[in-house]
Every structure is written in structure tokens, then in C-alpha cells.
Amino acid sequence: MRITGSVALVTGANRGLGRALARALIDHGAAKVYAGVRDPSALPDDDVTPVRLDVTDAAAVAAAAEALTDVNVVINNAAASTEGSPLTVPLAGVRRDLEVNYLGLLSVAQAFAPVLATNGGGALVNVLSALAWTTAPPISSLAASKAAAWSMTNALRLSLRKRGTLVMAVHCDTIDTDMSRGVVRHKHDPRYVAEAVVQGLANDDEEVLVDDHARAVKAALSEDIRVLYP
């Protein structure tokens, strides 16, 4: 799709990848970028238009869809993560992860699908993870919510094709954000991932595999289970 002149909504846009996505869209010629955030006063970028939005609040999501009638790109970026082994992780945290990463994503998609259709189809981008296809005990809650979101993204793609809406899934390894502050390993600069997403939009890609790790994990799904979990 054409980025120049587009109007986008990015959820979770106050920092990290969300802020980088908003910046990349503007740099590539987007006419307007709405930054969906819980606290608009904390938004540091004057180039975006703040919108108070909590993706777990159905009324807030519906109000945003009713107000932002010019949107033709929606990026579901808001995310949450609760650490802990599946045997000990607090269930309240697991519910929060599902509310944000899965149900929040679906809520935004349902509310904005008619807006996108009215504006010619546009694009719905769901920021997932290589964790949609694999897991590790300390991050099992995040991985499970991303796996659910991946499944729903595929269903949304099939449902929205007839409306002319591109549905894109983004998968990558760890991104250097507040959420991964305690992770000691290579982490992508959010600007690198944001650029890959924008290029994917320009190419009408239905799936963006940002790095070799995401590509390797996806390829291993057809192998013996011990390839992923030796």
C-alpha cells in the first residue's frame, strides 16, 4: 500500500517500538499518525496526534473507532508481559497478557475493520513475535498470548481479504524496549523493526519475518519437536 498520504493509528505508541513505528510512518510520508496511549500527556513526540486509548477498555476502543474515521492503517502494537514459570506465574498476570496481547488486538481489529473498509481497505498490522511459534518457561505467558494472537491474525486475514484489507503479521526476536529490560542477549533497535514493518506495508506483505531467528523458528515447525525443544 502507499504510505505517503496515509493516516495511521499505532497502539502503545508512547515508547519503544510503538514510538518508532509512529516515527517511521511519518518519515515515510504518512499524512497523520494517531498515537494510541493510556496517558496522552506523557507522549513526547509533537509530530503525532495523541489519542487516549486502553485496548482492554471496549468502550474506549469503540470511541476511538467512532472518532478516527480517516484511518487506513491500524498497527496493533500494545503489549504486556508477565514473567514466571507456567507452574508459578500469577494467573492475574496471565489474564492481563491475554487481555492486552490477544483480546485487545481483536477488539481493535473488530472496531476498526469497518473504518478500514470505508477508506478503501487499508491495512491491519499485528505485531506478534517469534514467540508465537515457540516458548520458554520464564516467558510462557507472553508466548501463549502471542500464539493466540497469531491464530486470530490468520482468521482476521481470511475474513478481511474480501474487504480489501491487508492483514500483516510481524514476527521477530527480542526488541530493545522496556519490556525486555532484563533480557541479556542481542536485542533489535526498535527503529530497525519499525523500518521492516513500513517496508512490508509498502510491499503489501502479509507476513514480515524481521530476522534470521524468526525465519529459523518458523522453518522448524515442520521438524521433529526436539528441534525447537532439544
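This is a predicted model, so every value here is computed, not measured.

**Notes on the pattern of salt bridges**
Scanning all chains against the criterion turns up 10 salt bridges. Residues D97 and R96 are paired through a salt bridge, measuring 3.9 Å at the closest nitrogen-oxygen approach. Judged by its relative accessible area of 0%, D97 falls in the buried class. The class of R96 is partly exposed, set by a relative accessible area of 42%. Close ionic contact of R215 with D212 constitutes a salt bridge, the shortest N to O distance being 2.8 Å.

**Overview of the side chain of S6**
Tracing the sequence through the fold places S6 in the segment before β1 (7-11). A polar contact is formed between the side chain of S6 and the backbone oxygen of I3, at a distance of 2.6 Å. If near-sequence neighbours (up to four positions away) are discounted, S6 is found in contact with M1, A30, A31, K32, N72 and V73.

**Observations regarding helix α2 (residues 58-67)**
Helical geometry: 3.6 residues make up each α-helical turn, so side chains three or four residues apart lie on a common side. Listed in full, the buried residues belonging to α2 are A60, V61, A64 and A65. End-on, the buried residues of α2 take up no more than an arc of 135°, which puts them together on one face. Pointing more than 90 degrees away from the buried face of α2 are the exposed residues A58, A59, E66 and A67. Check the buried side of α2 and you find it contacts α3 (91-118). For α2, the side-chain oxygen to backbone nitrogen distance between the N-cap and A59 is 3.1 Å, and the N-cap itself is D57.

Rules used in this analysis
Residues numbered from 1 in each chain as written. Predicted model: local features only at pLDDT ≥ 70, side-chain atom pairs only at ≥ 80, totals over all residues. Heavy atoms only, no water. Salt bridge = Lys/Arg side-chain N within 4 Å of Asp/Glu carboxyl O. Buried < 20%, exposed > 50% of the residue type's maximum accessible area, 1.4 Å probe, protein only. Helix = DSSP H or I, 4+ residues; strand = E, 2+ residues; numbered from the N terminus. Polar contact = N/O pair within 3.5 Å; in protein donor to acceptor, adjacent residues only side chain to side chain. Contact = heavy atoms within 4.5 Å. Arc of directions from axis to C-beta.

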